Amino acid sequence: MNRLIASAIWRSPAGRLNARAPSRVASSAVAPAVLANVNARGISSSTIPTASASAQPQRSQAKSQAPPPRDTRLAGRRRFYKVVGIGQASPPWETMGKKKEEDGRDDSSAADSPISAGVDGTQSATGVTTNVASAESLRAILDPTRSGDSDGRATEWFNVTLDERALRTPLGHPLTVPSSALAMAIATEWDAQDPTISPAQMPLTTMVCTAIDQISVQPQFYKDNILRYLKNDTTCYLTCPQEDRLLYRKQMRAWEVLHEWAQEHIGKGKHAPARAVGNDEGLILSRARKSKPGAGLPHPDVLMEEAETWVNTLDAWRLIAMQSVTVEAKSFLVGMAVVSGCELDHRVDDSIPSPPYINAGAEAVEASRVEEEFNIDQWGLVEGGHDYDRLNCSISIHSATFLVATLNN
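Within every chain, residues take consecutive numbers counted from 1 along the sequence as written. Totals for whole chains, interfaces and linings use all residues, but because this is a predicted model, local features are given only for residues with pLDDT of at least 70 and pairs of side-chain atoms are given and counted only at 80 or more. Values reported for side chains reflect all heavy atoms of the structure, with hydrogen atoms and water molecules removed beforehand.

### Description of the pairing of strand β3 (residues 157–162)
Stage number 1. Accessible area is worked out with a 1.4 Å probe on protein chains only. A residue is then buried under 20% of its type maximum, exposed over 50%, and partly exposed in between. The numbering of helices and of strands both runs from the N terminus, where a helix is a DSSP run of H or I of at least 4 residues and a strand a run of E of at least 2. Counting buried positions along β3 gives six out of six residues, so the element sits mostly inside the fold.
Stage number 2. The two faces of β3 match: Trp157, Asn159 and Thr161 on one face and Phe158, Val160 and Leu162 on the other face are all buried.
Stage number 3. One ladder, built from two bridges, connects β3 with strand β5 (residues 176–177); its direction is antiparallel. Bridging across to β5, Asn159 finds its partner in Thr176.
Stage number 4. Here the rule is simple: two strands pair whenever DSSP picks up at least two bridges between them. Count of turn residues in the β3/strand β4 (residues 165–167) antiparallel hairpin: two residues, of which Asp163 carries a positive phi of about 55 degrees.

So, in structure tokens, the structure goes:
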């Protein structure tokens, strides 16, 4: 009955107007025509709930006393700072998790991040968490591993300042990075925000915040997500050469060298990634069955184990770079080649096979978009669609390449 009354009130102009402020609606505010409509349906107007006159001032007084929630979102706001700088800082595990009173900070000494920490600050089904890890686990995942010709020197940490106020992550942690070049690049992103702030134009800031706030708390979640892409790696699905020889040649030219390197890097020189040629073979090989419970291509067990071992060696900074490339390219192998190509190990140790992409983001972008670019060549480019896809792919992969490269400088 109450549902029918509410429906009748909503259909009237007065009901729709009052629905915007339900706390102020009383029986006297309902239009006579609405009451007549209700009574015409055989429902007494006395059954309509009313609010007492004494209760309304109390509720309004309580609302006026409650402080308005603080809006920390900066996306879309006008630039509020003049000078962007960088400076040396302490490692994040020395300050994360501490109260502001303990480390001498207050709200006036820090600037908020425009990257959202999640809907309503709650845990998210997509993996976004608001938990804080311990100092020991933070150091284990955030302290970067040096490769190649590093001299064993202690890592120096840097932060970004807005008008001499240290920048923070969405969860309030200090935004500190283990590279002056990376800090300078993040500062450049912030300095380019004019007249309004757009987080979508700050890919390095986004990746660094994710590494500090999310990956440092639940690294296994991201490791498992990255490994999922190996089972259905895009570069392992080839078109049938009898159906489209041109596309097949483009795929082989872009991906064959990648598979050969993966065989040496994680296949111990003997086990190559599984391939599916044509739609029928792809469906047959990737389906789940008793001997292979999980769906996906039947890669050799040695290759899968070595891939997991390699992922477990990555710190948070390389994990977020790997995540960014893998998701954008839909390929674990492309992501592994990009991250490995930025390291220095293969340059000082001849026994380590050289990756196909050595600080070469453009080649990785090309390998990630073989089929898309082929369709554009055949059918034309759709403005506002294909061009944006090209740009997003290029930004994600080049940003990840730059982030890993700065860790070794």
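### Remarks on the packing of aromatic side chains
Stage number 1. Ring geometry is summarised as follows: Phe, Tyr and Trp rings, the Trp one being its six-membered ring, pair when their centres sit within 6.5 Å, and such pairs are stacked at plane angles under 30 degrees, edge-to-face over 60 and tilted between the two. Tallied over the full model, the rule gives six aromatic pairs.
Stage number 2. When the centroid spacing of 5.4 Å and the interplanar angle of 90 degrees are considered together, the rings of Trp93 and Trp157 count as edge-to-face. Linking Trp93 in the loop between β1 (84–89) and α5 (100–103) with Trp157 in strand β3, this pair joins segments that are 64 residues apart in sequence. Pair check on accessibility: Trp93 and Trp157 agree, each one buried.
Stage number 3. Considering the side-chain rings of Phe221 and Tyr222, the 5.3 Å spacing of their centres and the 85 degrees angle between planes classify their relative orientation as edge-to-face.
Stage number 4. Under the relative-accessibility criterion, Phe221 is labelled partly exposed at 36%.

### Concerning the pattern of salt bridges
Stage number 1. Each reported salt bridge corresponds to a side-chain nitrogen of Lys or Arg within 4 Å of a carboxyl oxygen of Asp or Glu. Summed over the entire model, instances satisfying the criterion amount to six salt bridges.
Stage number 2. The salt bridge involving Asp315 is made with Arg318; its shortest N-O contact spans 2.5 Å.
Stage number 3. We classify Arg318 as buried; its relative accessible area is 2%.
Stage number 4. Arg318 serves as the salt-bridge partner of Glu343, at 2.5 Å between the closest nitrogen and oxygen. Here Arg318 lies in helix α13 (residues 316–329) and Glu343 lies in the loop between α14 (332–341) and α15 (345–348), a separation of 25 residues in the sequence.

### Some thoughts on a negative patch on the surface
Stage number 1. A residue counts toward a patch only above 30% relative accessible area and without a salt bridge, and it is joined to like-charged neighbours within 9 Å or, for Val, Leu, Ile, Met, Phe, Trp and Tyr, to nonpolar neighbours within 5 Å. The accessible surface values rely on the Shrake-Rupley method and a 1.4 Å probe; as for residues, cover is taken only from the protein chains in view. Here Asp and Glu are counted as negative and Lys and Arg as positive; His is not counted, and neither are the chain ends. To locate a charge, take atom NZ for lysine, CZ for arginine, CG for aspartate or CD for glutamate. A cluster of acidic residues, Asp224, Asp301, Glu305 and Glu308, forms a negative patch on the protein surface.
Stage number 2. In terms of residue count, the dominant contributor to the negative patch is helix α12 (residues 301–312) (three residues).
Stage number 3. Here Glu305 is to be found in helix α12.
Stage number 4. Taking the relative accessible area as the measure of exposure, Glu305 reaches 51% and is therefore exposed.

### Regarding the environment of Pro195
Stage number 1. Along the chain, the position of Pro195 falls in the loop between α7 (180–191) and α8 (203–215).
Stage number 2. C-alpha of Pro195 to C-alpha of Arg77: the two residues are 118 residues apart in sequence and 8.4 Å apart in space.
Stage number 3. Any two residues having at least one pair of non-hydrogen atoms within 4.5 Å are treated as being in contact. Other than its neighbours up to four places away in sequence, Pro195 contacts Arg77, Arg78 and Arg79.

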